[in-house]
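Architecture at a glance
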Amino acid sequence: AVLQKGYPMTVFLARGTSAAAVLIISAQGAFADVSAQDVWSDWKAYMTGTGYTVTGTESQSGNVLTVSDITMTMPIPENGESFDLTMAAIEFVENGDGTVNVVLPKDFPIAVAGEGDGEKFSIEIVYSHDGAPMVVSGDTSAMAYDYASSAATVTLGNINADGKDIPAD
């Protein structure tokens, strides 16, 4: 840029600095990528950090990481028992633009089981939604999760305590 006579230096610097800042921010966005494995690893790290043991069977096919037979177990140290949460499968789909879609089935059953005071219990919860994916962006140090659904419900399914089904009402 050429500085012209009568053109204030502060205006020139402000415009130049603003343009450089936009370029730097845009460039960082272009290089900030997450992979399907990054997002799954982030989920596992978060759950492990809250006390759960997380297991699942990972299968990569092209840009899709499918994690099936997911189990999260939380020990309850006070009575030596545990709390288990299981899910059938989640897909992590790389979109090719540095973002990842987290895809849950439209009807997504979650089983919760545990023991308390010597009694076993199990509960089935069904999360239903319109199938919209959760979009994860950013980088491995700061992931942003964006999720919007036009319809979502959580339904209490079967409840069983000590081998006996408990009616819904």
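Residues numbered from 1 in each chain as written. Predicted model: local features only at pLDDT ≥ 70, side-chain atom pairs only at ≥ 80, totals over all residues. Heavy atoms only, no water.

Quick look at the overall build of the protein
If you tally the helices and strands in the protein, you get two helices and ten strands. Shown N-terminal to C-terminal, the secondary structure of the protein runs as helices and strands in the order α-α-β-β-β-β-β-β-β-β-β-β. Excluding contacts between residues fewer than 6 apart, the proportion of contacts in the protein whose partners are at least 24 apart in sequence is 47%. (Helix = DSSP H or I, 4+ residues; strand = E, 2+ residues; numbered from the N terminus. Contact = heavy atoms within 4.5 Å.)

As for the pattern of salt bridges
With the rule as written, the count across this model stands at one salt bridge. Linking Glu58 and Lys44 is a salt bridge whose minimum nitrogen-to-oxygen distance equals 3.2 Å. A residue pair is termed long-range when its members are at least 10 positions apart, and Glu58 in strand 1 (residues 53-61) and Lys44 in helix 2 (residues 36-49) qualify at 14 residues. Here Lys44 falls in the partly exposed class, since its relative accessible area comes to 23%. (Salt bridge = Lys/Arg side-chain N within 4 Å of Asp/Glu carboxyl O. Buried < 20%, exposed > 50% of the residue type's maximum accessible area, 1.4 Å probe, protein only.)

Thoughts on the pairing of strand 7 (residues 134-139)
Summarising the sheet, strand 4 (residues 100-103) and strand 7 pair through three bridges and their orientation is antiparallel. Its bridge partner being in strand 7, Val102 is matched across the sheet by Met134. Direction of pairing for strand 7 relative to strand 8 (residues 142-146): antiparallel, over a ladder of five bridges. Following the sheet pairing, Asp139 is matched in strand 8 by Ala142. Joining the antiparallel neighbours strand 7 and strand 8 is a turn of two residues. (Pairing = 2+ DSSP bridges.)

Looking at the confidence of the model for the protein
The pLDDT averaged across the protein works out to 80; a share of 79% of its residues lies at or above 70. Note on residues 1-31: pLDDT is under 50 here. Beyond four places in sequence and across chains, it has five contacts. (pLDDT = per-residue confidence, 0-100.)

Notes on the nonpolar core
With 23 residues, the main nonpolar core has Val39, Met87, Ile90 and Phe92 as its most contacted residues. Each residue touching Met87, except ones within four places of it in the same chain, is listed here: Asp69, Ile70, Met72, Phe108, Pro109 and Ile110. (Core = buried A, V, L, I, M, F, W, Y, C linked by side-chain atoms within 4.5 Å.)

Let's talk about the packing of aromatic side chains
Counted according to the given criterion, the structure contains two aromatic pairs. On the basis of an interplanar angle of 50° and a centroid distance of 5.8 Å, the ring pair of Trp40 and Phe92 is categorised as tilted. With Trp40 in helix 2 and Phe92 in strand 3 (residues 81-94), the pair connects residues that are 52 residues apart, well separated along the chain. Here the two residues Trp40 and Phe92 agree in accessibility, since each one is buried. With a centroid separation of 5.5 Å and an interplanar angle of 80°, the aromatic rings of Trp43 and Phe92 are classed as edge-to-face. Pair noted here: Trp43 is in helix 2 and Phe92 is in strand 3, with a separation of 49 residues, a long-range link. According to the relative accessible area criterion, Trp43 is partly exposed, its value standing at 22%. One aromatic cluster in this structure is built from Trp40, Trp43 and Phe92. (Phe/Tyr/Trp six-rings, centres within 6.5 Å; stacked < 30°, edge-to-face > 60°.)

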